[in-house]
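Listed below are the residues making up each chain.
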Amino acid sequence: MSAPLTDLIAIRDLTRDQVDDLLDTAREMLPIARRERASVPTLRGRIVCNLFLEDSTRTRLSFDLAAKRLSADVVDFTAEGTSVTKGESLLDTAETLMALGVDLIVLRTSSAGAPVQLAREVEVPVLNAGDGWHQHPTQALLDALTIRERCGTVEGARVTIVGDVLHSRVARSEVELLRMLGAHVTLVAPPTLLPPDVGGWGVTVASDIDAVLPDTDVLYVLRVQRERMHRAFFPSTREYASVWGIGADRLRRLPADALLMHPGPVNRGVELTSEAMEDPRSVITEQVTNGIAVRMACLYRLLSATTRAEVAS
Ligand code: NCD
C-alpha cells in the first residue's frame, strides 16, 4: 500500500509506489474513461472545483469528465468574468472556495509555484493542472500510462522529446517521471529552446533529430509555446517546421513499431504535418482518453477519505 496522497503538485513529490498505484488505478478506470462501462458512484456528494486561471480547453474538459464519471459535482471557476480579473488574490479566492465547501481544487495557472502556495493555505487537496513553466504532473502520468498500455512497460524505452523544452512544463514533468520509471530520455531542440540547467536533468541532449530517430521507441513532440515567447527564439515558423517539424521524411526514419505522441493542442503544420498526425504510430487520441482515466485515478486517490490532519497524525 503506497503512502496516501495529500496534494499533487509536482512529479518529484511522488514516490515510485505512489506512481505505480496511480497508473494501476488509472488502468482500472480505463473502461469507464472509454465509456465501455457506466460511471461509478465513488465520489458522489464530493465537490471538485476547477480553478482555471489560464486558457485551457482540453485539460479542463478532461478534469470535468473525470470528476463526473466518478459522480462528483463539479464547479467551474475560470479567470474570465470572475473576481480574479478584478484583482482578487488567489488566496482570497481560495478562502471563498473553502467557505463554499469544495472538497478539492484543480488549479491551472500561469504562475509557477502558485499551487504549492495554495496548498499551504487550504485544508483540501490541491491538484496542479499546469503552473507556468514549472509542472504538469497529470500530463506526464497520462503519457506514462499510454506508453505502458502500448509497450507493456516504460522501463528501458528510448524516448526522444523534440521541440520547445525551455517553455515546457510538460517536458519538466515528463523527464522526471520517465526517468523514475527507467526510460532513457533524449532531448532534441534548437539551442535557444533548451533550458540553461538541462545539464542537471539526467538526459542526453542531441542536436541532430534525423540521427536520433532510428533509435527512438517513443517520439514525443512538444508544442511550440508561442504565448510564452517574448522574443524570437527561431527565425520563422516556416524555418522551425522545416528544421524541427515531423513530416513524411522523418517518419520514414522512425521505427515501424515506435509511438508518436504530442500533449496537444498541435500547431498543425508546425510541429507535425497532417500526415504525421494521421500516421498509424500516432497515439495522440489515446493520450486524450488516457488523460481522463489518469485524472479519475488522481481525484479518487486525493479524495479517498483522508484529510491532511489524518495523514499528518
Ligand atoms: C499542455 C499545457 O497546457 O501545458 N497542454 C495541455 O495540457 N493540454 C501542453 C501545451 O500547451 O503545450
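All figures in this text were calculated on a predicted structure; none of them were measured in a lab.

Visitor: What exactly am I supposed to notice about the pattern of salt bridges here?
Guide: Note on pairing: side chains with opposite charge can pair once their charged atoms come close. Evaluated as defined, the whole model comprises 18 salt bridges. Glu 36 is paired through a salt bridge with Arg 34; the nearest N and O atoms lie 3.7 Å apart. The exposure class assigned to Arg 34 is partly exposed, which follows from its relative accessible area of 40%. Residue Asp 64 pairs with Lys 68 through a salt bridge whose shortest N-O separation is 2.9 Å.

Visitor: Would you mind going over the sheet that holds strand β7 (residues 204–206) with me for this structure?
Guide: The pairing of strands in a sheet comes from backbone hydrogen bonds and takes either a parallel or an antiparallel form. Across the sheet, 5 strands lie side by side as β7-β6-β5-β8-β9; this open sheet has parallel pairing. On the outer flanks of this sheet lie β7 and β9 (259–261), each paired with one strand and no other. In this sheet, neighbouring strand axes are inclined to one another by 20° on average, regardless of whether the strands run parallel or antiparallel. The pairing of strand β5 (residues 158–162) with strand β8 (residues 218–221) spans 4 bridges and is parallel. When the sheet's bridge partners are listed, Ile 161 is paired in β8 with Tyr 220.

About the cut-offs
Residues numbered from 1 in each chain as written. Predicted model: local features only at pLDDT ≥ 70, side-chain atom pairs only at ≥ 80, totals over all residues. Heavy atoms only, no water. Salt bridge = Lys/Arg side-chain N within 4 Å of Asp/Glu carboxyl O. Buried < 20%, exposed > 50% of the residue type's maximum accessible area, 1.4 Å probe, protein only. Pairing = 2+ DSSP bridges. Helix = DSSP H or I, 4+ residues; strand = E, 2+ residues; numbered from the N terminus. Axes fitted to C-alpha atoms, helices over the stretch in contact; angles between N-to-C directions.

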